[in-house]
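# Structural overview
Now for the letters of each chain:
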Amino acid sequence: MAIRGLRRTWCDGGGGRVTRVLAAAAVLMASATVRPQGLSLVPCKLDGVEHEARCGVVRRALDPSRPQGTAIDVHVAVLPAVARRKASDPVFFFAGGPGQSAIDLAGPLSRRFARLSNRRDLVFVDQRGTGRSAPLKCADDDLRSVLRPMAETADEARRLQRLRECAAMLQALPHGDLRRYTTAIAMADVDAVRAALGVERLNAIGASYGTRAVLEYQRQFPQRVRRAVLDGVAPADMVLPASFSPDNQAALEAVFAACEQEDACKRRYPMLRQRWQALLARLPMPAVVPHPVSGREERVTVTRELLLSAVRTPLYVPLLASALPAALDEAADGRFAALVGLGQAMSGSGRGAGLATGMHFSVVCAEDVPRLAGDIDRPGADFGQTFAALYRQVCEAWPKASVPPAFFQPVPALAATLLLSGGADPATPPRHGDRVATALGPKARHVVVPQAGHGVLALGCVRDAVQRFIDADTDDAALAVDVSCAAAMPRPPAFIGWPAPDEAAR
C-alpha cells in the first residue's frame, strides 16, 4: 500500500524496469506493424524477459469529456506468441495495487504462463497513473526509502505530511488532475489498446485490485471478453479499507487456531492468544529494534498501528504466517526483531515494489473511502479502525472523482469467468468472491483453495488449470476444468523457534 506498512493490500507479482531498444533499423522493421488505429509497436527489451517484445503507446485524453485537452501516453508491451499460427485472442494482464505497473510484471508472468504464450500474445498495459503511463509517484515510492529510520517511517504525522506534499507536487504536473485516474476511465484506455491492436476479443487475467479492473472492463465492454480469470477477488463494492479490519482479523485468528491444533506449536506457545492480548494492552511502548534492511539498531516507539502493520504482511503468505507464533511470542517479551523482519519480508521479493502511491489514492479516495460511513463490515477486535482512520485523513484533501452508481454493480458475465480465492487470504478472502460469483451468474465459477493466501495463481496446479481454462474451445468446457488438486494443499506447520536458553539446558 502507499502508506508504509499497508503496501501489501492488493499487490501481487514481481518488479522490474523496461529498457527500450529503439535502434533506427528496429524502427524501420517495426513500421510494418503500424495499425490503422495509430498504434506502432517497436522492438523493446523487458527486464526478466529473454526474448524480444514489442512496445508502443496509445494517446488518450486525460479528461474523457475534453478529447482535445491534455493527452497522456498509455504504454503497452506485447510478448508475441511463439507459434506461427497463433490464436487471435491474446491474454491481457491487469495488475494489482492499485498502483502497480503491469509491464513491470512481464518477466515473472511470462515465465509463469509460458504455455499460454505458445499460441497467444501476452499483453501488458500500464494503467494510467502507473509505470510509464502518466505515472503518479510519490517520494516514498523510491526504493531507497526503505533505508529511512524506522522512527521516521512509522511516524503518522510525518507520513501524512509527505502524502500532502506529494498530492501538491502531482497536481502541478501536466497530467496532474488526480480526478482522472479512476478504474472506469482506465478500462476505457484498455479497450482503446485492444482496438489499436486489432483484437476482436481478449482473455483477461487480473490479480487482487486487477480483478476490480477486469470486472469493470467486463461491465463496460462485455462483448470484448472471451474468458476472464479473477485471482483474489476485490470488487468495487468491497469498501477498502473497511474490509481490511475483519479480513485481517480472520486471518490472524486462523493462525492462532492452527497453532492450538498442532501439538508442537501448542506445547511451545501454550498461551499465545493471551500473550498477544497482553502485548496490545501495553502499547505504545519503547523498543530497540534492528532496522530490517540496514540491520542497525534503532530506538522506536511501538504503536498499535506499527505492530498491526508488521503482523498483517506475513498473513499474505501462509509460509511466512507459519513463523508468526514464534515472532509474536518473542514480541510479547519485548523482542521485536523477528516480527519486524517478517513485516519486511515481501519487500525483497518485488511485491509492492514500484507502486504509484498517487494513483493508489486517486482510486481509493474516489471509489472506496466515500462509502466508509455506510459500510456494514464489523471491525476486527484487534485491528479496529486503525487503517480506515489513516485513509480518511489522507483522502480528506485528496482530489476525488465522482463515481457513477453502476460502477459498484457487477453485471452478469457473458463469458466464462473463473474466480480464485485463498481461504487464508487476509486481503481478498472467499467472502468477496462468493458475492461476485453470484452476481456474475451461471457463467462464473468460484474455486476456493482453503489453505492458500493472497495470490492463488502462484500455485502450480492452479496455474495449469487456468491455462486449460483459457485454452478450452467452449465456455462449458472451460468451466468444467478440474481444479481439485488445490483443495488438498496443506497449511504449512508452525515454525518452532530455537528453544530458550533455560529450556535448552534442561
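This section reports on the structure supplied with the text. Only a predicted model underlies this, so the values are computations on that prediction, with no experimental measurement involved.

Right, let's get into the environment of Gly99. With respect to the helices, strands and loops of the structure, Gly99 is situated in the loop between β5 (91-94) and α2 (106-112). Gly99 gets classed as buried once you look at its relative accessible area, which sits at 1%. Residues Gly99 and Thr130, spaced 31 residues apart in sequence, show a C-alpha to C-alpha distance of 5.6 Å. Contact partners of Gly99, with chain neighbours within four places excluded, come to Thr130, Gly354, Leu355, Ala356 and Met359.

Core analysis: the largest hydrophobic core is formed by 102 residues, its most contacted members being Phe92, Leu197, Trp276, Leu307, Leu328, Phe336 and Leu339. Beyond its immediate sequence surroundings of up to four residues, Phe92 is in contact with Val123, Val125, Val190, Val193, Arg194, Leu197, Leu202, Asn203, Ala204 and Ile205. Of all hydrophobic cores here, the second largest spans 40 residues; its members include Cys55, Phe124, Leu457 and Leu479.

Here we take up the pattern of salt bridges. For side chains bearing opposite charge, pairing can occur when the charged atoms are close. Summed over all chains, the structure comprises 37 salt bridges. For Asp89, the salt bridge is made with Arg226, and the minimal N-O distance between the two is 3.3 Å. With Asp89 in the loop between β4 (71-79) and β5 and Arg226 in strand β8 (residues 225-231), this residue pair connects regions lying 137 residues apart in the sequence. Each member of the pair, Asp89 as well as Arg226, carries the same accessibility label: buried.

Okay, the environment of Lys86 next. By the secondary structure assignment, Lys86 is in the loop between β4 and β5. Judged by its relative accessible area of 44%, Lys86 falls in the partly exposed class. For the pair Lys86 and Asp121, spaced 35 residues apart in sequence, the C-alpha separation works out to 8.0 Å. When residues no more than four places from it in sequence are discounted, the contact partners of Lys86 are Ala81, Arg119 and Asp121. Within the structure, Lys86 has its side chain in polar contact with the side chain of Asp121 (distance 2.7 Å).

Another aspect to go through is helix α9 (residues 272-282). When we look at burial in α9, the residues that qualify are Leu272, Trp276, Leu279 and Leu280. Looking down the long axis of α9, one finds its buried residues gathered within 100° of arc, a one-sided arrangement. In this structure, the buried residues of α9 make contact with α7 (244-261), β9 (285-290), α10 (304-315) and α12 (324-332).

A separate point is the packing of α9 against α10. Here α9 crosses α10 at 145°, and the two axes come no closer than 9 Å. Judged by the twist between their axes, the crossing of α9 over α10 is right-handed. Contact residues: Trp276, Leu279 and Leu280 in α9; Arg304, Leu307, Leu308 and Val311 in α10.

Time to look at α7. The end-to-end C-alpha separation of α7 is 26 Å, in line with the 26 Å expected for 18 residues at 1.5 Å each. Those residues of α7 not exposed but buried are Phe244, Ser245, Pro246, Asp247, Asn248, Gln249, Ala251, Leu252, Val255, Phe256, Ala258 and Cys259.

Moving on to the packing of α9 against α12. One can describe the packing of α9 onto α12 by two numbers: an axis separation of 9 Å at closest approach and a directional angle of 45°. Here α12 runs oblique to α9, going by the angle between their axes. Crossing handedness for the pair α9 and α12: left-handed. On α12, the residues touching Leu272, Arg275, Trp276, Leu279 and Arg282 of α9 are Pro325, Leu328, Asp329, Ala331 and Ala332. Partitioning the contact of α9 with α12 into residue classes produces seven nonpolar, no polar and three charged.

For the rest of this paragraph, the subject is the side chain of Ser362. Considering the arrangement of structural elements, one finds Ser362 in helix α14 (residues 357-367). Exposure remark for Ser362: the relative accessible area of 1% places this residue in the buried category. A distance of 3.2 Å separates polar atoms of two side chains, one belonging to Ser362 and the other to Trp398. The contacts of Ser362, once residues within four sequence positions are left out, are Leu136, Leu178, Tyr181 and Trp398.

Here we take up the state of the cysteines. All told, the structure shown has five disulfides when counted by the stated rule. Here Cys44 engages in a disulfide with Cys55; their sulfurs sit 2.0 Å apart. With the S-S bond torsion at 70°, the cross-link from Cys44 to Cys55 turns out right-handed. Taken together, the residues span a long stretch of sequence, with Cys44 in strand β2 (residues 42-46) and Cys55 in strand β3 (residues 53-61) at a distance of 11 residues.

For Arg120, the location among the structural elements is in the loop between α2 and β6 (122-125). Here the side chain of Arg120 touches Asp89 through a polar contact of 2.7 Å, side chain to side chain. With sequence-adjacent residues up to four places away left out, Arg120 is seen in contact with Leu79, Ala81, Ala87, Asp89, Pro90, Val91, Asn203, Arg226, Ile470 and Asp471.

Basis of the calculations
Residues numbered from 1 in each chain as written. Predicted model: local features only at pLDDT ≥ 70, side-chain atom pairs only at ≥ 80, totals over all residues. Heavy atoms only, no water. Helix = DSSP H or I, 4+ residues; strand = E, 2+ residues; numbered from the N terminus. Buried < 20%, exposed > 50% of the residue type's maximum accessible area, 1.4 Å probe, protein only. Contact = heavy atoms within 4.5 Å. Core = buried A, V, L, I, M, F, W, Y, C linked by side-chain atoms within 4.5 Å. Salt bridge = Lys/Arg side-chain N within 4 Å of Asp/Glu carboxyl O. Polar contact = N/O pair within 3.5 Å; in protein donor to acceptor, adjacent residues only side chain to side chain. Arc of directions from axis to C-beta. Axes fitted to C-alpha atoms, helices over the stretch in contact; angles between N-to-C directions. Left-handed = near helix turned anticlockwise from the far one by under 90°. Expected span 1.5 Å × (residues − 1). Parallel < 35°, antiparallel > 145°, perpendicular 65-115°, else oblique. Nonpolar A, V, L, I, M, F, W, Y, C, P; charged D, E, K, R; others polar. Disulfide = S-S within 2.5 Å.

Purely spatial values, then, with no claim about function.
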